[in-house]
Amino acid sequence: MKVTVFPSSIETSRGLILRLVEIMNNEPDRIFNIAVSGGSTPALMFDLWANEYMEITPWNRMCIYWVDERCVPPDDSDSNYGMMRNLLLGMAPIPYENVFRIRGEAKPVKEAARYSELVKQQVPSKQGWPEFDIILLGAGDDGHTSSIFPGQEELLTSASVYVVSINPRNGQKRIAMTGYPILNARHVIFLITGKGKADVVEEICKSGDVGPAAYVAHHAQNVELFMDEGAALYIGDRK
Ligand code: 6PG
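In this text the structure is predicted, and so the values were computed from the model without any measurement.

**What about the overall build of the chain?**
Secondary structure assignment for the chain yields 7 helices and 11 strands. Relative to the 2.2 N^0.38 estimate, which gives 18 Å for 239 residues, the radius of gyration of the chain is 16 Å and therefore close to what a compact globule would have. Based on the C-alpha atoms only, the size of the chain along its principal axes is roughly 45 × 45 × 35 Å. Among the 239 residues that make up the chain, the fraction classed as buried is 56%. Here the chain displays about 10100 Å² of accessible surface, and carbon together with sulfur accounts for 48% of that area. Both charge centroids of the chain, one from 23 positive and one from 30 negative side chains, sit 3 Å from each other.

See the structure below:
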């Protein structure tokens with residue numbers, strides 16, 4: 001697990017954008033299947049990306065999927081797709097057919113099945129699971145990642161690619177990528193910023209598999225953590 005700590009959330013976002021561009025530039029003939037998370041943390045990165053890194057990004061070699069989605073319509077303020085569309089994808093020259101949103105407005109069980117099948121068709125598989133090139137993850141202050149919450153650890157070993165989960169804080173249904181496809185990715189990259197995440201970062205870096213985020217960080221093959229000093233408060237190790 002490679003840990004990189006930046007002085008601020010803006011510099012962390014910039015560092016991650018440049019790392020993603022570097023990964024794609026290292027394989028200039030490859031189409032990258034990238035699954036992104038939502039929540040509030042990546043909003044800053046998407047905004048910076050649209051304003052400062054649009055030209056250096058190989059948009060025509062990117063297919064965008066979601067790690068998880070709230071079961072709400074795309075125009076709902078909770079929508080992970082809606083957030084990325086409004087901040088980045090709506091301005092980026094990415095072919096429309098290369099953006100595969102989870103339909104949060106659909107019946108959750110049916111959508112989890114539909115999106116699982118779509119990903120299995122679109123993303124090459126390795127050892128029986130879709131192999132994304134890059135999966136971007138966040139971590140909740142409760143230790144969740146994707147929308148796999150503490151107490152739902154059975155989703156880390158689900159036989160389905162996507163399932164319906166429930167946010168225990170508010171009962172909101174979610175469509176969530178499960179453990180095996182996450183662990184199967186070529187690059188698993190966490191973006192974690194803010195002092196509120198210092199505890200979960202300490203768990204990820206110093207404890208065992210104490211929650212879904214820690215489990216993924218310890219079991220995925222190729223993991224990078226991009227953090228600011230606030231999130232890295234208890235582990236030090238500045239960039
Ligand atoms: C979501 C995200 C989720 C997120 C963490 C962190 O739909 O909420 O995909 O996994 O990465 O909850 O969320 P914040 O960035 O809002 O702290």
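**Some details on the sheet that holds strand β9 (residues 173-177)**
Read from one edge of the open sheet, 3 strands run β4-β9-β8, paired in antiparallel fashion. Unpaired on one side and paired on the other, β4 (68-70) and β8 (162-166) mark the two borders of the sheet. Strand after strand, the sheet turns through a mean of 25° between neighbouring axes, direction not considered. In this structure, β8 lies alongside β9, joined through 5 bridges in antiparallel fashion. Considered in β9, the bridge of I166 is made with K173. Running over the sheet, helix α4 (residues 108-122) touches β8 and β9 and is turned about 145° from β8.

**Description of the packing of helix α2 (residues 41-52) against helix α3 (residues 80-89)**
At a minimum axis separation of 8 Å, α2 and α3 run at an interaxial angle of 25°. Between α2 and α3, the angle is such that the two are roughly parallel. Together, P42, A43, F46, D47, W49 and A50 of α2 and M83, M84, L87 and L88 of α3 make up the contact between the two elements. Within the contact of α2 with α3, the residues separate by chemical class into 9 nonpolar, no polar and 1 charged.

**A look at α3**
Within α3, 7 of the 10 residues are buried, leaving the element largely enclosed by the surrounding structure. Among the residues making up α3, those that are buried are N80, Y81, G82, M83, M84, L88 and L89. Where α3 is buried, its residues touch β2 (32-36), α2, β3 (62-66) and β4. In this structure S79 caps α3, since a side-chain oxygen of it lies 3.3 Å from the backbone nitrogen of Y81.

**Focus on the site of the ligand**
The ligand sits among 15 residues. The nearest are T41, D68, H144, S146 and K197. Contact between the ligand and G38: an oxygen atom at 3.1 Å from a main-chain N or O atom of the residue. Look at the ligand: alone it shows 410 Å² of surface, and the protein chains cover 89% of it.

**Overview of the environment of S37**
On the secondary structure map, S37 appears in the loop between β2 and α2. According to the relative accessible area criterion, S37 is buried, its value standing at 9%. In sequence terms S37 and A139 are 102 residues apart; their C-alpha atoms lie 9.6 Å from each other. Within polar-contact distance, the side chain of S37 engages the backbone oxygen of L136 at 2.8 Å.

Reading the values: the criteria
- Residues numbered from 1 in each chain as written.
- Predicted model: local features only at pLDDT ≥ 70, side-chain atom pairs only at ≥ 80, totals over all residues.
- Heavy atoms only, no water.
- Helix = DSSP H or I, 4+ residues; strand = E, 2+ residues; numbered from the N terminus.
- Rg over C-alpha atoms; globule rule 2.2 N^0.38 Å.
- Buried < 20%, exposed > 50% of the residue type's maximum accessible area, 1.4 Å probe, protein only.
- Areas by Shrake-Rupley, 256 points an atom, 1.4 Å probe, with all protein chains shown as cover.
- Lys, Arg positive; Asp, Glu negative; His and termini not counted.
- Charge placed at Lys NZ, Arg CZ, Asp CG, Glu CD.
- Pairing = 2+ DSSP bridges.
- Axes fitted to C-alpha atoms, helices over the stretch in contact; angles between N-to-C directions.
- Contact = heavy atoms within 4.5 Å.
- Parallel < 35°, antiparallel > 145°, perpendicular 65-115°, else oblique.
- Nonpolar A, V, L, I, M, F, W, Y, C, P; charged D, E, K, R; others polar.
- Polar contact = N/O pair within 3.5 Å; in protein donor to acceptor, adjacent residues only side chain to side chain.
- Near = heavy atom within 4 Å.

These figures come from the coordinates and say nothing about function on their own.
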